[in-house]
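# Understanding the architecture of this molecule
So the chains spell out like this:
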Amino acid sequence: MTDDSRPIRADMGPDVLKLDRERLGRKLDLLPPTAPVVVMIHGWRYAPDFARDCPHGSILSLDPRPDDRRAVSWPRHLGLNGTAGLGIALGWNAKCDPWRAHWRAGRTGAALAEIAGLVHARTGRGVQVIAHSLGARVALAALSQSATDHITRMILLAPAETRGRALAAMGTPAGRSVEVINVTTRENDLFDACFEWGIHLGLRTSIGQGLGRRLPNWHDLWIDQAQTLQALAALGHPLTAPPRRICHWSPYLRPGTIALYRALIEGRLAVRDLPLNRPGRRWSRLLLGGRGWQPGPDACHT
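Residues numbered from 1 in each chain as written. Predicted model: local features only at pLDDT ≥ 70, side-chain atom pairs only at ≥ 80, totals over all residues. Heavy atoms only, no water.

Across its full length, the chain holds eleven helices and nine strands. At 18 Å, the chain has a C-alpha radius of gyration in line with the 19 Å of a compact globule built from 302 residues. Taken along its principal axes, the extent of the C-alpha atoms in the chain is 50 × 40 × 40 Å. Sorting the 302 residues of the chain into buried and exposed places 57% on the buried side. Counting contacts in the chain only where the partners sit at least 6 residues apart, residues at least 24 apart contribute 74% of the total. Here the chain displays about 12800 Å² of accessible surface, and carbon together with sulfur accounts for 51% of that area. The positive charge centre, built from 39 side chains, and the negative charge centre, built from 26, are 5 Å apart in the chain. (Helix = DSSP H or I, 4+ residues; strand = E, 2+ residues; numbered from the N terminus. Rg over C-alpha atoms; globule rule 2.2 N^0.38 Å. Buried < 20%, exposed > 50% of the residue type's maximum accessible area, 1.4 Å probe, protein only. Contact = heavy atoms within 4.5 Å. Areas by Shrake-Rupley, 256 points an atom, 1.4 Å probe, with all protein chains shown as cover. Lys, Arg positive; Asp, Glu negative; His and termini not counted. Charge placed at Lys NZ, Arg CZ, Asp CG, Glu CD.)

The following block contains the structure:
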């Protein structure tokens, strides 16, 4: 490519999406027809241009700060830094209390739908999405505002959204055509409980606990289960065993996870080949404990 390899930066402002449309068009025109276009979405406590919490200097950057213990470069490890694929880094203001962040995440779905529409209008192709935590709420909210096939796949990491809203999103025309991989782990039980009780007063269940219903285009992937790890290793994608009792960032910090998502995004691994295993009991990681790898005191907590 003649342009630089950084992701396309997109930021949801108070009322409008800020996006370098000229650069996006130029990059799309240079992109090979089979190369994926991937929108990457952060979760809570990040905000564009907010000192050390700017996502464009952290997980959505090619070169995160080396002292950022919650960060690994999504675009670099997903192969979105050249002709193999195009990354679009969607930032939104989640540097606030969780209630406002929850509300803003729902509104930011319109920005994702707009990006997907622009890509489809220019190229005729759909985008894929990878999102963490409340970023999953952004992703699912976009489905009610998107046309069929504008968003082809979503990889949701420790997602913060309710089963009811997810099922409603999957019932839309765009929801019936999208493929969803819901990556979850019992390491996230405490965060799911905080989301359910802090935001929804215990009246709703998080999709971090699984969708709770079988849909042909929704796949719950429990990466803390021994059977899942064995099956993934047999597919050529070994992951380390769950290292901690509590970790919200495990679905992208654990070695092997992003390589797995890259294989899905690039089509080298089909969703139908992923293991279907029942989850362990809720709180089982907290009760049984964890061991091994530890990325740093700011990343995972015991």
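Further remarks concern the pattern of salt bridges. By the definition in use, this model includes 20 salt bridges. For Glu114, the salt bridge goes to Arg21, with nearest N and O atoms at 2.7 Å. You can see Glu114 sitting in helix H3 (residues 98–123) and its partner Arg21 sitting in helix H1 (residues 21–30), a full 93 residues away along the chain. The class for Arg21 is partly exposed, based on a relative accessible area of 38%. For Asp189, the salt bridge identified is with Arg186, shortest N-O distance 3.2 Å. Arg186 shares its class with Asp189; the two are buried. Counted as one network, the salt bridges with shared partners bring together Arg52, Arg65, Asp67 and Asp68. (Salt bridge = Lys/Arg side-chain N within 4 Å of Asp/Glu carboxyl O.)

This brings us to the packing of aromatic side chains. Following the criterion strictly, the structure yields two aromatic pairs and no others. Where Trp74 meets Tyr252, the ring centres are 5.4 Å apart and the plane angle is 75°; that geometry is what we call edge-to-face. Of this pair, Trp74 sits in helix H2 (residues 74–77) while Tyr252 sits in helix H9 (residues 250–253), and the two are 178 residues apart along the sequence. Across the pair, exposure class does not vary: Trp74 and Tyr252 are buried alike. On the numbers, 5.9 Å between centres and 75° between planes, the contact of Phe191 with Trp249 is edge-to-face. With Phe191 in helix H7 (residues 189–200) and Trp249 in the loop between helix H8 (226–234) and H9, this pair connects stretches of sequence that are 58 residues apart. Positioned above the aromatic ring of Trp44 is the side chain of Arg45, whose terminal nitrogen or guanidinium carbon lies 5.4 Å from the ring centre. (Phe/Tyr/Trp six-rings, centres within 6.5 Å; stacked < 30°, edge-to-face > 60°. Lys NZ or Arg CZ within 6 Å of the ring centre and 35° of its normal.)

Take the side chain of Gln209 next. Position of Gln209 relative to the elements: it lies in the loop between H7 and strand E9 (218–222). With a relative accessible area of 10%, Gln209 lands in the buried category. The contacts of Gln209, once residues within four sequence positions are left out, are Arg163, Arg186, Asp189, Asp192, Glu196, Trp222 and Arg282.

Turning next to the nonpolar core. Ile41, Leu90, Val129, Ile151, Met154 and Leu156 are the most contacted members of the largest nonpolar core, which totals 50 residues. Counting residues per element, this core draws most heavily on H3, at eight residues. Setting aside its immediate chain neighbours within four residues, Ile41 contacts Trp74, Leu90, Trp92, Leu112, Val129, Ile130, Ala131, His132, Gly135, Val138 and Ala139. Membership of the second largest hydrophobic core comes to 34 residues, among which are Val38, Ala71, Leu229 and Tyr261. (Core = buried A, V, L, I, M, F, W, Y, C linked by side-chain atoms within 4.5 Å.)

So, about the packing of H3 against H7. Between H3 and H7, the least distance of the axes is 10 Å, while the angle of their chain directions is 90°. As the angle between them shows, H3 and H7 are arranged roughly perpendicular. On H7, the residues that touch Pro98, Trp99 and His102 of H3 are Phe195, Gly198, Ile199 and His200. Looking at the contact of H3 with H7 residue by residue, the classes come out as four nonpolar, three polar and no charged. (Axes fitted to C-alpha atoms, helices over the stretch in contact; angles between N-to-C directions. Parallel < 35°, antiparallel > 145°, perpendicular 65-115°, else oblique. Nonpolar A, V, L, I, M, F, W, Y, C, P; charged D, E, K, R; others polar.)

By the burial criterion, the buried members of H8 are Thr228, Leu229 and Leu232. End-on view of H8: buried residues confined to an arc of 95°, all on one side of the axis. Residues Gln230 and Ala234 are exposed on H8 and point more than 90 degrees away from its buried face. Those residues of H8 that are buried are in contact with E9 and helix H10 (257–266). The first or second residue beyond H8 is Gly236, which carries a positive phi of 90°. (Arc of directions from axis to C-beta.)

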